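Structure assessment
The chain contents come next:
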Amino acid sequence: MSDVDKLFAEPLPKVSDFVFDHDVARVFPDMIKRSIPGYPTIVENIGVIAAHHAQPDTLIYDLGCSLGAATQSMRRHLRQDGCHIIAVDNAEAMVQRCREYLSAQDSMVEELVPATVVQGDILELELQPCSVVVLNFTLQFIAPELRLPVLQRIRQALLPGGILILSEKYRFEDPGTQHHLEQVHYAFKRANGYSDLEIAQKRSAIENVMLIDTQPAHLERLQQAGFSLAYPWFQCLNFGSIVAHA
Ligand SMILES: C[S@@+](CC[C@H](N)C(=O)[O-])C[C@H]1O[C@@H](n2cnc3c(N)ncnc32)[C@H](O)[C@@H]1O
Ligand SMILES: O=C(O)C(=O)C[C@]1(C(=O)O)C=C[C@@H](O)C=C1
């Protein structure tokens, strides 16, 4: 159901800002696996971590779900009775295909945790009480000044004992660290078949719409949002994931 990502393979007269449109949705599984080091490990362990912390008869949110990879993983691992996953994305193309992917999962596996796919803006979404929230490479596409209010609303919606799983691309204050991890990330992309042209054009496409923070900045913001504890559980090159406890 996924094509190979060739969106930036030819020279573009003008590189437009990256958007999650139908062209991206069509190649997204290939794009994200070849672009984010450790992505399969992060997705699989989101299921493990969510299943460990999910509470019976509660909601679970996958915010910025794209095609629902994190939702599918949580459905593979969750065993608590009465849970329901709400997968949210504001991109119509993603929502359409996410519904197809989850229907396909339902046709292959019986008695999965029910999941509802909602097209909506997480900046406007009213969050119901929940025990797990996932932001898997989503917050980086939210305007920096709006990130704290989003995290505060998530914190308020989480039940006692609830968790947020936040995965992001990182930048680094130390110039040497930033340079070397950025270069090795490009080597990762080349090892996955991207050309230097694709790497350069994709970098231009995301530079204005994917504004990344340092891991310490994320941890500080989570504390500001009222989370009682936050710690990194995974990092691969300049990408990583954090668990934050209500
Ligand atoms: C890198 S993708 C997320 C990957 C996905 N969570 C996964 O695990 O495969 C970022 C997603 O966030 C969505 N997004 C960005 N801003 C959003 C917003 N304000 N509301 C809802 N979804 C948003 C995009 O449409 C896109 O599907
Ligand atoms: O940093 C890059 O070069 C990327 O392509 C990263 C990234 C991401 O982190 O979301 C950017 C856009 C797509 O969603 C896939 C991967």
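Along each chain, the written sequence defines residue order, and numbers are assigned to residues from 1. Just so you know, chain letters begin at A and ligand numbers begin at 1, following the order they were written in. Only residues with pLDDT of at least 70 get local features here, since the model is predicted, and only at 80 or more are side-chain atom pairs given and counted; chain-wide, interface and lining totals rely on the full set of residues. For side-chain calculations, the full set of non-hydrogen atoms in the structure is used, while hydrogens and water are omitted.

Here is the rule we go by: UniProt positions are given in the numbering used here, feature names are shortened, and annotations may be inferred rather than shown by experiment.
The name given to the chain in an unreviewed UniProt entry is Carboxy-S-adenosyl-L-methionine synthase, and the organism recorded there is Halopseudomonas pertucinogena. One UniProt comment on the chain, placed under Catalytic activity (unreviewed entry), says "prephenate + S-adenosyl-L-methionine = carboxy-S-adenosyl-L-methionine + 3-phenylpyruvate + H2O". Heading Subunit (unreviewed entry) of the UniProt record for the chain holds this comment: "Homodimer."

Thoughts on empty space enclosed by the protein
Note the cut-off: Each cavity reported here is a set of points on a 1 Å grid over the protein atoms alone in which a 1.4 Å probe fits but cannot get out, each pocket an open set with protein on both sides within 12 Å along at least five of seven lines, and each lining residue one with an atom within 4 Å of a point. Grid points are joined across faces, edges and corners, and a volume is the space filled by probe spheres set on the points. Here a strand is any run of E in DSSP of at least two residues, a helix any run of H or I of at least four, and the numbering for each starts at the N terminus. Gly is put with the polar residues, along with every residue not named as nonpolar or charged; the nonpolar set is Ala, Val, Leu, Ile, Met, Phe, Trp, Tyr, Cys and Pro, and the charged set is Asp, Glu, Lys and Arg.
On inspection of all chains with the given rule, the structure shows one cavity of 30 Å³ or more. Space inside the largest cavity adds up to approximately 30 Å³. Looking at the largest cavity, the residues that line it are Leu-63, Ile-122, Leu-125, Leu-127, Val-150, Arg-153 and Ile-154. A total of three residues in the lining of the largest cavity trace back to one element, the largest contributor, which is helix 5 (residues 144–157). The residue makeup of the lining of the largest cavity, split by class, is six nonpolar, no polar and one charged.

Details of the packing of helix 1 (residues 22–35) against helix 4 (residues 92–108)
Defined as follows: Inter-axis angles, ranging from 0 to 180 degrees, are taken between N-to-C directions of lines fitted to C-alpha atoms, where helices are fitted over the stretch in contact. Here a crossing is called left-handed whenever its near helix is offset anticlockwise from the far helix by less than a right angle, and right-handed whenever the offset is clockwise. Two residues qualify as a contact provided that any one of their heavy atoms is within 4.5 Å of a heavy atom in the partner residue.
It is at 8 Å that the axes of helix 1 and helix 4 come closest, and there the two elements cross at 35 degrees. Handedness of the crossing formed by helix 1 with helix 4: right-handed. On helix 4, the residues that touch His-22, Val-24, Ala-25, Arg-26, Phe-28 and Pro-29 of helix 1 are Ala-93, Met-94, Gln-96, Arg-97 and Tyr-101. For the contact of helix 1 with helix 4, the per-class residue count stands at seven nonpolar, two polar and two charged.

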